[in-house]
Each structure stands twice: as structure tokens, then as C-alpha cells.
Amino acid sequence: MDLTAHEIEFRNQRRAHLETLKAAGHRPYGRAFERTGTLAEIRRDFAEGRGVRAAGRVVAVREMGKSTFAHLQDGSDRFQIYVQKNTLGDDAFAAFKAVDLGDFIGVEGELFTTRTGEPSLKVQSWELLAKALHPLPEKWHGLQDTEVRYRQRYLDLIANPDVRRVFDARSRILSFLRRFLESRGYLEVETPALQPIAGGAIATPFRTHYNALGQTMYLRIAPELYLKQLLVGGYDKVFELGKNFRNEGLDRSHNPEFTALEIYEAYGDVHTMRQLVEALVSGAAQDVFGTMVVGKDGQEPIDLTPPWRVAPYRDLVRERAGADWFEMSRDAAREWARAQELEIPDEMTHAQITHEVYEKLIEKTLIQPTFVTRLPAEWVPLAKRCEDDPTLVDVFELVVRGRELCPGYTELNDPIDQRARLEEQAAGDGSKLDEEFLRALEQGMPPAGGMGIGIDRLIMVLTGEESVRDVMLFPQMKNRSPLRAESPGESPNDLPAELPNA
RNA sequence: GGGACGGUAGCUCAGUAGGUAGAGCACGAGCCUUUUAAGCUUGUGGUCGCGGGUUCGAGCCCCGCCCGUCUCACCA
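Residues numbered from 1 in each chain as written. Chains lettered and ligands numbered in written order. Predicted model: local features only at pLDDT ≥ 70, side-chain atom pairs only at ≥ 80, totals over all residues. Heavy atoms only, no water.

Would you mind going over the overall build of chain A with me for this structure?
Secondary structure summary: chain A contains 15 helices and 19 strands in total. Each principal axis of the C-alpha atoms in chain A carries an extent, and together these give about 90 × 55 × 50 Å. In chain A, buried positions account for 46% of the 502 residues. Partitioning the contacts of chain A with sequence separation of at least 6, the portion at a separation of at least 24 is 64%. (Helix = DSSP H or I, 4+ residues; strand = E, 2+ residues; numbered from the N terminus. Buried < 20%, exposed > 50% of the residue type's maximum accessible area, 1.4 Å probe, protein only. Contact = heavy atoms within 4.5 Å.)

I would appreciate a short explanation of the sheet that holds strand β7 (residues 194-195) in the present structure.
Hydrogen bonds between backbone groups are what pair the strands of a sheet, and the pairing can be parallel or antiparallel. Ordered by their spatial adjacency, three strands build an open sheet running β7-β9-β8, and the pairing between neighbours is antiparallel. Of all the strands in the sheet, the pair left with one neighbour each is β7 and β8 (207-210). Direction of pairing for β7 relative to strand β9 (residues 215-219): antiparallel, over a ladder of two bridges. In the sheet register, Gln195 faces β9, and the bridge partner there is Tyr218. (Pairing = 2+ DSSP bridges.)

When you look at the pairing of strand β4 (residues 104-113) in this model, what are you seeing that I'm missing?
Residues in a regular strand point their side chains to alternate faces of the sheet. Where strand β1 (residues 51-64) and β4 come together, seven bridges link them in antiparallel fashion. For Arg57, the partnering residue across the bridge sits in β4 and is Phe104. Sheet analysis places β4 next to strand β5 (residues 119-130), joined by 10 bridges and oriented antiparallel. Residue pairing in the sheet places Thr113 in a bridge with Pro119 of β5. Linking β4 back to β5 in an antiparallel pair, the connection comprises five residues, with Gly117 at a positive phi of about 90°.

Whenever I open this one, the side chain of Glu356 confuses me. Can you help?
With respect to the element layout, Glu356 can be found in helix α12 (residues 350-362). Looking at Glu356, the relative accessible area reads 15%, which means it is buried. Excluding its chain neighbours within four sequence positions, the residues that come into contact with Glu356 are Leu342, Glu343, Ile344, Met348 and Leu361.

Teacher, can you tell me more about the protein's contact with RNA strand B here?
Lining the immediate surroundings of RNA strand B are 54 residues, of which Gln13, Thr116, Lys139, Glu147 and Gly200 lie closest. Restricting the count to atoms of RNA strand B within 4 Å of the protein gives a sugar and phosphate share of 59%. Residue His254 places a side-chain N or O atom 2.8 Å away from a base oxygen belonging to RNA strand B. Residue Lys478 places a main-chain N or O atom 3.0 Å away from a phosphate oxygen belonging to RNA strand B. Elements that contribute at least two residues to the surface near RNA strand B include exactly α1 (5-23), β1, β2 (67-73), β3 (78-84), α5 (146-151) and β18 (403-410). (Near = heavy atom within 4 Å. Polar contact = N/O pair within 3.5 Å; in protein donor to acceptor, adjacent residues only side chain to side chain.)

Help me understand empty space enclosed by the protein in this model?
One way to see where empty space is left: roll a probe the size of a water molecule over the atoms. For the coordinates displayed, the defined rule picks out one cavity of 30 Å³ or more. Val400, Arg401, Arg403, Leu405, Arg457, Met460, Val461 and Glu465 are the residues that line the largest cavity. Put simply, the parts of the chain that give the lining of the largest cavity at least two residues each are β18 and α15 (455-463). Per-element tally for the lining of the largest cavity: the top contributor is α15, with three residues. (1 Å grid on protein atoms, 1.4 Å probe; cavity = no way out; pocket = protein on both sides within 12 Å on 5 of 7 lines; lining within 4 Å. Points joined across faces, edges and corners; volume = space filled by probe spheres on them.)

Quick question: what am I supposed to make of the packing of aromatic side chains here?
What characterises a pair of aromatic rings is the spacing of the ring centres plus the angle enclosed by the ring planes. Within the structure shown, the criterion is met by eight aromatic pairs. Plain terms: the ring middles of Phe96 and Trp126 are 5.2 Å apart, the flat faces sit at 90° to each other, and that makes the pair edge-to-face. Separated by 30 residues along the polypeptide, Phe96 in helix α4 (residues 90-96) and Trp126 in strand β5 bring together distant segments of the chain. For Phe96, a relative accessible area of 5% translates into the label buried. Trp126 sits in the buried class, given a relative accessible area of 9%. Centre to centre, the rings of Phe176 and Phe180 are 5.7 Å apart; their planes meet at 40°, and the pair counts as tilted. A residue pair is termed a helical-turn pair when its members lie 3 or 4 positions apart in one helix, as Phe176 and Phe180 do in helix α7 (residues 161-183) at four residues. (Phe/Tyr/Trp six-rings, centres within 6.5 Å; stacked < 30°, edge-to-face > 60°.)

Would you mind going over helix α10 (residues 313-321) with me for this structure?
Every α-helix carries 3.6 residues per turn, so stepping three or four residues along brings you back to the same face. Among all positions in α10, only Tyr313, Leu316, Val317 and Ala321 are buried. Projected down its long axis, α10 carries its buried residues within an arc of 105°, all on one side. In this structure, the buried side of α10 is in contact with β14 (309-312), α11 (330-339), α12 and β15 (370-376). Once α10 ends, the next one or two residues include Gly322, with phi positive near 110°. (Arc of directions from axis to C-beta.)

Would you mind going over unusual backbone geometry with me for this structure?
Working note: non-glycine residues mostly have negative phi, and peptide bonds are mostly trans. Of the consecutive residues Pro306 and Pro307, the connecting peptide bond is found in the cis state with omega at 0°. Tracing the sequence through the fold places Pro307 in the loop between β13 (302-303) and β14. Even without being glycine, Arg374 reaches a positive phi, approximately 55°. Its place among the elements puts Arg374 in strand β15. Exposure remark for Arg374: the relative accessible area of 27% places this residue in the partly exposed category.

Before we go on, may I ask you to explain the environment of Val270 in this structure?
Within the secondary structure, Val270 is located in helix α9 (residues 270-289). Separated by 235 residues in sequence, Val270 and Arg35 have C-alpha atoms that sit 52 Å apart.

Looking at this structure, how should I read the sheet that holds β1?
Spatially, five strands are ordered β1-β2-β3-β5-β4 in a closed barrel, and the strand pairing comes out mixed. Across the sheet, the mean angle separating the axes of adjacent strands is 55° when strand polarity is ignored. (Axes fitted to C-alpha atoms, helices over the stretch in contact; angles between N-to-C directions.)

Where do I start with the pairing of β5 in this structure?
As paired elements, β3 and β5 share three bridges and run parallel to each other. By the bridge assignment, Ile81 is partnered in β5 with Leu121.

In this structure, what is going on with the packing of α11 against α12? I would like to understand it.
A pair of packed helices is characterised by two quantities: the angle between their axes and the separation of those axes. Where α11 contacts α12, the axes come no closer than 9 Å and their chain directions differ by 20°. When the axis of α11 is compared with that of α12, the two are roughly parallel. Classified by chirality, the crossing of α12 by α11 is left-handed. Of the residues in α12, those in contact with Arg330, Ala333, Arg334, Trp336 and Ala337 of α11 are His350, Ile353, Val357 and Leu361. For the contact of α11 with α12, the residue count by class is six nonpolar, one polar and two charged. (Parallel < 35°, antiparallel > 145°, perpendicular 65-115°, else oblique. Left-handed = near helix turned anticlockwise from the far one by under 90°. Nonpolar A, V, L, I, M, F, W, Y, C, P; charged D, E, K, R; others polar.)

Structure, rendered in C-alpha cells:
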């Protein structure tokens, strides 16, 4: 790797500092350091003159001749330390000058308040815990380069406190979801991520090969079919919180691997699920942010206070496209849609045109939480039909800020209808039929409600972030230098039959 | 995949009309014992994303490519 003269200079200086510190008796990469507490705890329990031990990364240094101010940062806070020549002694003070921005150190001393009123720690002794060989990003503007922020997230986390806050919130939201569900008697389960048939959704899967069985495997696109087998097996209330993988495009609301929460409840239905998701999401906002109104400054605030709007799909379409929409001929519907600047191929059916109108003209206008209900059966093959209209299914799609957040429905438990609808969806390709799942349904699955929440999008709604990359610690990025070029025309799914073991 | 925009010092960014590349921070040296974007003096640091082309001369113009952001397409 080619280094610029400047990078070589940085490296040499820091290594020279490291040698200086070693000569002064420091271990360049220390061992456990017993702290009085985190920096936040030390601040909280501040008492003038109190003796404490603290540790953290040096993120700011202000040298003033025979004394130095610096800031330590740990996972909880940032705290000022004060290093004085006559407190520390000549040698320890001189060695401290070899501490660079970014180094981890441990310090021991007394708490005091500076003339300007900042709680500080007067250092009596200190030791090096880890030397940083690279400089820190700029202290005032932080790290701006989006590419570096995503590829080297640790720099982003060090330099940009707001980023840290988003991921702290993410963690607390996940924790709340688990606590909430467990407190209501739902059992967390784990089902295969490596599946022989990628079912439960319509999406292109990632394909791989399992050497021991000589068999093609897929990364799951959804856990749904396994969770339903647990209902067959007698579990009444289960959920799974985990990763799904879809071999599709990558944009600000899609990442090839993403987190989903799926919940199933025997003897429930679409209404059970609606109430559950309302309580779950509004509860998470209340628990983590102390309010049910969320969003960043400059955004339209989202009010998550239940109950949320319920809007049947056809009503929304009629509202936008006219009360007589569903009595219109296909030609008239096509003409109307094209007048709205939608691209409508001649062969599109009336139902497809309707769906295009919904997705392009209506969904994005649903900012506040809205349950879109009673969708056409062909869009949701695993849902049970409405009793009063077999062309519709008992589902909701929860839409917030114009984006689909969570589908939920009364699960289809009729194995005969289920087979027919999966066959229709597979369009004659029998290899896509999950016979194991159908066999399980034939064993008898209790009536049930189920739903799946896109957790990354939920975090986006709750934190006000507009890109999924800003709520995932390590979003997918293209390799900077591919190990080997893909041969032209080779599909990413075409793998050699045998892969060497790593 | 299409379109728009971007990639200049370790970081954040300027760069006029095509005329030998700048600032702040960081870093080095000097001064400074209550500073906090510390301050003052001074210095180092650049394959201008990569590869071609036009030109006497390219960070700037042209072509190709790489990476990223947004957007459209795709997408339960």
C-alpha cells in the first residue's frame, strides 16, 4: 500500500512516541485498568477533592507550557483531565507529551472544578492503555465523507456523537420490543437462515452450496413458513427477531441483509395484530424517547399515539382516482392513469393498474401511521380471504412516512387453498413449492394472526433518519478492489458446485 | 441499469478565464501552570480518484473506467 509522505510522517511520529513511552516504562497496549466508574458515573458522583480512577480515549489536548488540559472520551461521556508538571513530576509530565490524540489512557487523581466551572480531574498518575497509530478525524466538523463513515464506522462513532445516539436508540428499541413481547407471553424462537427453498415472500434469494450434503441452499428471505410450523406444533405465541437476505437492489430504504421481527399468534387474526403493532411501536417510542411524537427537526412530526387511521385499499383508490374507479373499463382506467403521468403498459390488467395507482400516487402521501386494509388476494398469497369478499384478503399494511413498515394478516390455514395459491404464484415451477410447509399445514394449523415488521425502517421512523444506511452499523458497500473480476455474463448466483473450505 | 452531482493535504473545504496548488484543523519546533474550536510565532505535508486525449501548458476542457451520494427503474 502506497503511503503519502504525510502518512509516513504521521506513522513515524506516533511510533517514535510509542518508543518514548516504552522507555518511560509504559506498556504500549496495556491490560485491565480498574476504574472508579465510567466517565458519566464520575461526573454524576462528582465531589470536590474525591479521588478517582478513570479511563478513555484522548480526544482533545490543550498544552499550556507546564500544564496540559485534555478530554477523555468513553462510551458514556467526555470528561476533562488536567495534567500539571509539579503534581506529576518531571518524568511523568514529559512522557505525557508523547500521548497523541486518539490514544487510550488510564488516569488517577482528584476531582476539582476549574475557574470556568468545568468539573475536571487533576491527574496524579497515568498509564498508557493503547496507542493509536492513525490520527483522528477533524475535531470540529467531524467526519463528513459518507463513504468513509460507512466503511470505517468506528471513525464515525468516535467523531460524530449524533451517530452514536442513533445506534444507542436502536439498541434500546430492540430491547424494548423483546421485553414487551416476553411480558405478553410471546416466546422468542430461532428458525433456519439456511433454507433448501427460500419461501415466505417473493424476492430473489442469495444462493449458496452446502458441501456436506451436496445441495444448493438459500439464505432466507423470510422466516414465515417455519414459524407457522411452530403454530402447527402447538406453540401459541411466537416471535423471531433476525436477519433476512434479499438479492436485490440497494438504495436508501433497501439493504440486502436487514432485520425483521415476525410475530405469530394462534387464535388471533388481523385485528389482534393491528392492536399489537400499535402498542408495540407507540410503546417503543414512549419507552425510548419519552414521547409518541417522533421525527427530526425540519421533518413533519409523526404522531404514533393510538389508535391509528384505518383505510381500506379500495377506499383510498376511490378517493384518489374517483368513486367509479372499480366500475371503469380497463381502457378508461389506463387512460386516467396515463394522464397522471404513470407508465402503464397496454397489457396491464385493471388490478395491476390499480396497484400502480396505489404505489405511485397514494402510498407516499400516507405520512402519519395508516393501516391500509383489505388488499386484493393476488398480492398476498399467504393471507386468508375476507369472509364478505373472496377477492380481498384480511390484511393490513402499516404505512408511515410514505413507506411500508409492516404487513400483517389473518394467516391462511386452509391447506387446499394455500396449495392452490402457492402453485399459482410459482407459475408451474414445482421446485419452488415448499412441500414440507404444505405437509405441515395439512396437519392442521390453528387460525392465527401474524405480522412482520421491518426493523430498520422502524428505527428510521423512530429516529427520523432518512437512509437505512444511517440506522445500520455496517451497511453493504461495494468492494473497493475486487479479489477477482466477475467473468462477463456470469450471474452472481452461479457458483461452482464445490467451494473450497476456507 | 439510466440520469444528476461529487472525489483536491491525515480531516473539513476553497481553487477565478486552461498558466507550475491554497486556508482552517491535525502534525513538527519555540513560548505559555485553570484551558476548552485555548492563544501567539514558525515549519512540514499534494500520484488534484484511475487511465487516455486535446493543448506550448490541464485540478479546470474531451473520452473511458472506479468509488460514493441523490434520483428514476427494479423491488411484499
